[in-house]
Amino acid sequence: MSTFYTHLLLLIMVLSVSTCTNDKFEFEIKRFKESTSGQLTAKTSPSISTSTYSFAAIGDLHISHSADNKITQSFFDLLKSDPVDFVVSLGDITNTGKEDQYNTFNTLLQASGIQYFYTVIGNHDIMFNGWDRFKKLFGPSVYHFNVGSETYIILDSGNSTISNEQFNWLEI
């Protein structure tokens, strides 16, 4: 599969939540403005010196509490035995965006040794003021990162929509 189609597939996966351009979602617009203001720590791009690299994608972990992490732990264990250059989460790391859920995931992530972790914010991640927890742990919800000469774009579909602001940002 060509690089173009690989990235197109990743973008489609990221946008798999139904999209529209209805600007009534003020929380998504607020997150977008915070994410693009430069006030949140930008993501670091991996240093890959070859044109060949690998990454893993996972989504819908829905961590509720420390006992519900078997799938996540298995995923991280697999990556220890078969390492990748970076990981992309497609959203819904938490079940309801609560602090203990973010803390449980962060503990697993830190123990995994994964150096480059990128995530899309999911609708479950923003529940119960989850945006504040998400940005503290992961930074912006809209950003890009580069691997070699290729650019990956992460958009915020936490409200099951993509705002006009994000589409305009893509055109820049």
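The written sequence of each chain sets the order in which its residues are numbered from 1. At least 70 in pLDDT is required for a residue's local features to be given in this predicted model, at least 80 for side-chain atom pairs to be given and counted, and no such filter applies to totals for whole chains, interfaces and linings, which use all residues. To obtain the side-chain values, all non-hydrogen atoms of the structure were included, while hydrogens and water were left out.

K.L.:
Even after reading the chapter, I still don't get the overall build of the protein, so can you show me in this structure?
P.N.:
Every helix listed is a DSSP run of H or I at least four residues long, and every strand listed is a run of E at least two residues long, numbered separately from the N terminus. A tally of regular secondary structure across the protein gives 6 helices and 5 strands. Start at the N end of the protein and walk to the C end: the helices and strands fall as α-α-β-α-β-α-β-α-β-β-α. Relative to its full complement of 172 residues, the protein shows a buried share of 42%. Sequence-distant contacts in the protein: of pairs separated by 6 or more residues, those separated by 24 or more amount to 80%. Approximately 9300 Å² of the protein is accessible, and the part contributed by carbon and sulfur atoms is 53%. Residue exposure (1.4 Å probe, protein chains only): buried if accessible area is under 20% of the type maximum, exposed if over 50%, otherwise partly exposed. Contact criterion: two residues are considered in contact whenever any of their non-hydrogen atoms come within 4.5 Å of each other. Calculation of accessible area relied on Shrake-Rupley with a 1.4 Å probe; when residues are assessed, cover is drawn exclusively from the protein chains displayed.

K.L.:
How should I be thinking about unusual backbone geometry in this particular structure?
P.N.:
When glycine is set aside, most residues are seen to have a negative phi, and most peptide bonds are trans. Positive phi, normally seen in glycine, also occurs at histidine 62, with a value near 50°. Within the element layout of this structure, histidine 62 appears in the loop between β1 (55-58) and α3 (70-81). Not every positive phi belongs to a glycine, and serine 160 is a case in point at roughly 65°. For serine 160, the location among the structural elements is in the loop between β5 (150-154) and α6 (164-171).

K.L.:
Is there a simple way to explain the nonpolar core in this structure?
P.N.:
Most often, soluble globular proteins have nonpolar side chains that are buried together. For our purposes a nonpolar core is just a set of buried Ala, Val, Leu, Ile, Met, Phe, Trp, Tyr and Cys residues, chained together by side-chain atoms within 4.5 Å. Core analysis: the biggest nonpolar cluster contains 20 residues, and Phe75, Phe76, Phe105, Phe117 and Phe138 have the highest contact counts within it. Elements that contribute at least two residues to this core include exactly β1, α3, α4 (99-112) and α5 (130-138). Broken down by element, the residue count for this core peaks at 4 residues, all from α4. Contacts of phenylalanine 75, omitting those with residues within four sequence positions, involve Ala56, Ala57, Ile58 and Val87. Formed by 12 residues, the second largest nonpolar core is a distinct cluster that contains Ile48, Tyr118, Tyr143 and Ile154.

K.L.:
Would you mind showing me how to read the sheet that holds strand β2 (residues 86-89) here?
P.N.:
Two orientations exist for strands paired in a sheet by backbone hydrogen bonds: parallel and antiparallel. Reading across the sheet, the 3 strands line up as β1-β2-β3 and stay open at both edges, with parallel pairing between neighbours. Each edge of the sheet is formed by a strand with only one pairing partner; in this case those strands are β1 and β3 (117-119). Taken over all neighbouring pairs, the strand axes of this sheet differ in orientation by 20° on average, direction set aside. In short, DSSP must find at least two bridges between two strands for them to pair. Pairing of β2 with β3 involves 3 bridges; the strand directions are parallel. Each residue of the ladder has a partner; that of valine 87, found in β3, is phenylalanine 117. Orientation is described by lines fitted to C-alpha atoms, with helices fitted over the stretch in contact, and by angles between N-to-C directions that extend from 0 to 180 degrees.

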